[in-house]
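Single-letter residue listing:
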Amino acid sequence: MLRASLRGLLDRKLRLTLAVIAIVLGVGFFSGALVLSDSLGARFKAMFASVSTNVAVQVTARTDPAQPSQKPPSMTQAELDRVAAVDGVGAVSPDVTSAFVVPYDTQTGKPLPGGGPPQLGIGIGAEGDPMGVLSLAEGRWPTGAGEVALSRHTAAQAHAAVGRQVKVFLPRLQRPQMFTVVGVAAYAGGRDSLGGETVVLLPMAQAQEAFYGRTGLYDGVSLTADAGVSDEALRDRVSAVLPATFEAKTGKQSSADQAAAVSDSISGLTKWVLTPFAGVALLVGIFLIFNTFNVLVTQRARELAMMRALGASRGQVTWSVLVEALIVGVVGGTLGLGLGALIGGGGSWVLGNLGDAKLPGSGITVGLDTVVYSYAIGILVTVVAALLPALRASRVPPLAAMREIAVTDRPLRLRAAVGVVVGLGAAALIVLGLRAQDDGLSMVAAGCGVAFLAAIVLGPLVTRPVGRAVGLLVGWGVAGSLGVRNAIRNPRRTAVTASALMIGVMLVTAASVVATSFKESVVRALDTTLRAELTAAIGFQQPDGRIGISSAAVARIRQLPEVQEVVAMHLAVAPRLNGETAASIGVGAIDNVPGAQRTMGMKRVSGEVRALNAGELVADENTAKARNWKLGDTVRIALPGAERPYRLVGTVEASPLWANFLVVPMPAVADFAGPLIPQAMIDVRDGADVAATQAKVEEILVDFPSVTVEDKSSTTRQVTQVVDIAVLIITVLLSLAMVIALLGILNTLLLSIIERTRELGMLRAIGLGRGAVVRMIGTEAVLMSAFGGLLGVGVGLGIGVALAKALVYQDAITGVWVPWWQLVAAVVVAAVAGVFAAIVPAVRAARLNVLRAIAYE
Amino acid sequence: METTGIAARAEGLWKRYGSGEAQVTALAGVDVALRSAEFTAVMGPSGSGKSTLMHCLAGLDTVSAGEVFIGSTRVTGLRDAGLTALRRDQIGFVFQQFNLMPTLSAQENILLPLTIAGRKPDMAWFDTIVDTLGLRDRLSHKPTELSGGQQQRVACARALAGRPAVVFADEPTGNLDSRSGAEVLRFLREAVDAHRQTIVMVTHDAGAASYADRVVFLKDGQIISELAAPTADAVHDQLKSLETSGDGR
Ligand SMILES: Nc1ncnc2c1ncn2[C@@H]1O[C@H](COP(=O)(O)OP(=O)(O)O)[C@@H](O)[C@H]1O
Ligand SMILES: [Mg+2]
């Protein structure tokens, strides 16, 4: 008796274990994202704090949070002098800094790769850094023209040493210059770099010339305080003399703000990537837990009925089930938090040491909010999932304790009605959304969400027919057909189990339909409309003009005899249109609009499309339509340099190459973040050797950091690669959801086996062999997983096609392409994965002691 | 099939459960032979080893000592695969409860052992059984749609469908009302009389035992008496005397 109850407890523990795993993975992903950003944030904080240990007050330009790419104002010499004269100011360290100052490797002659930690140029006085952040390790500080000092990390990267020549790219000059290295500097504490950045130190005056075009301008200033003056007091005194565009902060505040800004942007990224998958994992987990508790309640019906017979109220019975759920939630939340700490800590370690980004510190930072969220989510998800089963438990009549009460399946009619209504709602939303064309995307997306609900409601109704059909394929022999019947005998349970798998497969299917359509559209557009054989462009960096090709270099390319035409595009990101941020809209100035019409598929729809005069604007038709702009309307565009009115003179056809795009005249480039060209299209003369031309262009562009020249096929390849990688990442992350779903199948099978112990014993007694039992369970598993896979592919296909269609109406893509083989593969993989889920339950069932099974209570 | 006319036999059969102090001897040297075409009832007080004896004879349980034969096959010594095949091909079972696969119709349940074995059913024999048991119009029903008596009759039909060497029935009427029980017992009787089937039935109901050709009485794991051509009263008397002799110990 004791052994029996111990075994029961163990079995129940195992069942709950699987439910816990789902919570652990979901909460782990979620808290992992939080821990990652907190841990990285702490390390950035340490980094910035080490820079400003001696800084009492820091003066910086006020930034407009609504427009982060705004070009910051400069401080004049007179303004700086006023600050320096404030009573209580000790040392004064003017700030003259530029990003994208790229040193070249003296061995290879190539620019050091960008895209990671900043590549800084800093102006420094003859006495060095008054704040003591940087100190000389070798040589001396630069004083004359043509002299620089390098941080130790930079010197190592560029293979440069004191006395050697080093080439440095200066973005304002749009070309590199040769310098002599006269010193090597290290950070306080002997660090080579703070976070993997490169630093080129120029004499103050040369730096101002190189960065701003004249001397006497500053980005800001750092100050120390005289003895007896508090940081706060100094800050207030300094604030009083500052121009309105500048603000003073204490050193502590400033480093905290900087760290917060950096870690905010990082945590934004990790949250957007990790949280959706945590959500999917938890959603799948809900199904698993729901099933577990449902079966648990069924199996404990007698126990529960006895409690009721002994006088327990319905509420008490409900509560007894919910308490169990609560425990599962707490355990899952705790373990999930642990997993999250591992994920976050590991991620912080990897990101913090990625490449040259050597962030100070290490360790795992788990914030109180992370802990609270983890438990809240773990408990909430479990309790919500267990709520229906708990209510069902309270409806077990006390009579069930006395005799076997056949659990009759409630008829599926109500479910069918609800499902059909929900399904029609989904269809209506999607159709209306597609009709609405331009603004329909959100409606279509909502329709897809509702369609998913309909699929879940209708799942049990199609379990039997689909199960039988799949059974024809996989249900071989007696064992197979017994397995098929077992799978469809409880359609609700099977459908819930399969739904969990459906979610992952559905999302992957929808994503790959949209991605494939996008990929095909772009590839075809490139193929048919892009006549330029070569593209010179920067890699995956902000294309805002601070990095790229100079106009002079473009002019040299134009002069190549093999080159027919060059179209250079200056770009700006995240403009404000009529006072509103428009993150998805790109702004560009094209130096050769007729060329763009000839070689880049830029097609006029209305008005005039030509080389623009100052104050004129061309937009793609969709953007104009969506924002209700008419020809002749004035649009205020805020660019980093200034906000100015532009008059709409023409629209161009929207296409994958011309989507969400505004063309401004060339003079507007002065308002861009930088004058460099991120992207130039090069049309090679007919009959000229493309590869040879590419080599010549590369020769011209060799000195430009981060610029590469690609031919059409590698441009195409880049696009397809990006899409493929995106789909791969989605698939990998969602496979987590699928693993949870497979655990769900395993769980359902284990529970079913326990339920059917006597039946199994009888089958074994009348001659079903062990192998046949294994096959029977395997068939049941495959049926459930194939069912989930089919449902997922079916619904995902519908959703993917609907979304892709909506995108077609927006001209973001040109057609819908379905990756059929991928979809077939998804179903097959799902079905095969079912086999793995069957291993443990099948072995358990085969090992069953026949006699004990028959006598099983 | 068997020249000796013995369908199954046990020689010096011992069965012990557990070890050390907790050891229980369920069978203590049982010798028994079950003649072909005979209906044998096994009786005895609760815990006397009736079920154990049946399980050992049917190859469902291992024995501690002794030998078991079904026909000419030595059951003791067979491994799982051999036992499974033996049960499938030579033995029929009727359990007290939980006898049928809920997912299969009555007909599918009846034919299940044959389906498992991959044997073609003898349809004439199938018809005979079904008609005798009055299951003709219930064949397409699922077990949940049948009464307890009907379910047990389906189980009987299944046990006989493959014409096994021996049918073992462990308290087949235990869960039935007297009328349904009588139907099942009459059918078992007829299977022996008309179709020369060998049947062993464990029961503690004297009335049920009176349908048998012979009753074997077990006590404390030993066969202590036999009764040929039993009547309900005779069986009753015998059981009474078993109990009194038990008190005397
Ligand atoms: N699996 C087992 N483990 C331990 N003891 C058992 C087991 N099965 C039966 N027994 C013991 O063996 C004896 C005979 O049991 P059983 O054959 O079931 O008796 P009957 O069927 O006559 O009531 C009893 O004492 C019982 O407790
Ligand atoms: Mg018994």
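A few points on the structure. Owing to the predicted nature of the structure, the values given are computational and were not obtained by experimental measurement.

**Details of the overall build of chain A**
Helix and strand counts for chain A stand at 22 helices and 26 strands. With the C-alpha coordinates of chain A rotated into their principal frame, the extents come out at 100 × 70 × 50 Å. Burial analysis of chain A (857 residues in total) assigns 52% to the buried set. Within chain A, contacts between residues separated by at least 24 positions form 83% of all contacts whose residues are at least 6 apart in sequence. If you sum the accessible surface of chain A, you get close to 36400 Å²; carbon and sulfur atoms cover 62% of it. Positive and negative charge centroids in chain A, built from 72 and 61 side chains respectively, lie 16 Å apart.

**Thoughts on the site of ligand 1**
Residues and elements named next belong to chain B. Lining the immediate surroundings of ligand 1 are Tyr17, Val24, Ala26, Pro45, Ser46, Gly47, Ser48, Gly49, Lys50, Ser51 and Thr52. In the environment of ligand 1, an oxygen atom lies 3.3 Å from a nitrogen or oxygen atom belonging to the backbone of serine 48. A distance of 2.4 Å separates an oxygen atom of ligand 1 from a polar atom in the side chain of threonine 52. Isolated, ligand 1 exposes 550 Å² of accessible area, and the fraction of that covered by the protein chains is 58%.

**Some points on the pairing of strand β11 (residues 198-203) of chain A**
Residues and elements named next belong to chain A. Counted residue by residue, β11 has 6 buried out of 6 residues, so it is predominantly covered. Pairing analysis gives 6 bridges linking strand β6 (residues 119-124) to β11, with the strands arranged parallel. Paired with isoleucine 124 across the strands is proline 203, a residue of β11.

**Description of the pattern of salt bridges**
Two side chains with opposite charge may pair up if their charged atoms get near one another. For the coordinates displayed, the defined rule picks out 40 salt bridges over all chains. With a shortest N-O distance of 2.9 Å, arginine 152 of chain A and aspartate 192 of chain A are connected by a salt bridge. Within this pair, whereas arginine 152 of chain A is found in helix α3 (residues 152-158), its partner aspartate 192 of chain A is found in the loop between β10 (175-187) and β11, the two being separated by 40 residues in sequence. Looking at aspartate 192 of chain A, the relative accessible area reads 36%, which means it is partly exposed. With a closest N to O distance of 2.2 Å, glutamate 11 of chain B and arginine 9 of chain B form a salt bridge. Connected through shared salt-bridge partners, Glu608, Arg610, Glu616 and Arg647 of chain A make up one network.

**Quick word on helix α12 (residues 477-489) of chain A**
Across its 13 residues, α12 of chain A extends 18 Å between first and last C-alpha, which sits within 8% of the 18 Å expected from 1.5 Å per residue. Looking only at α12 of chain A, the buried set comprises Val478, Ala479, Gly480, Leu482, Gly483, Val484, Asn486, Ala487 and Ile488 of chain A. Those residues of α12 of chain A that are buried lie in contact with α11 (441-474), α13 (491-529), α19 (757-765) and α20 (770-809) of chain A together with α3 (106-117) of chain B.

Reading the values: rules and limits
- Residues numbered from 1 in each chain as written.
- Chains lettered and ligands numbered in written order.
- Predicted model: local features only at pLDDT ≥ 70, side-chain atom pairs only at ≥ 80, totals over all residues.
- Heavy atoms only, no water.
- Helix = DSSP H or I, 4+ residues; strand = E, 2+ residues; numbered from the N terminus.
- Buried < 20%, exposed > 50% of the residue type's maximum accessible area, 1.4 Å probe, protein only.
- Contact = heavy atoms within 4.5 Å.
- Areas by Shrake-Rupley, 256 points an atom, 1.4 Å probe, with all protein chains shown as cover.
- Lys, Arg positive; Asp, Glu negative; His and termini not counted.
- Charge placed at Lys NZ, Arg CZ, Asp CG, Glu CD.
- Near = heavy atom within 4 Å.
- Polar contact = N/O pair within 3.5 Å; in protein donor to acceptor, adjacent residues only side chain to side chain.
- Pairing = 2+ DSSP bridges.
- Salt bridge = Lys/Arg side-chain N within 4 Å of Asp/Glu carboxyl O.
- Expected span 1.5 Å × (residues − 1).

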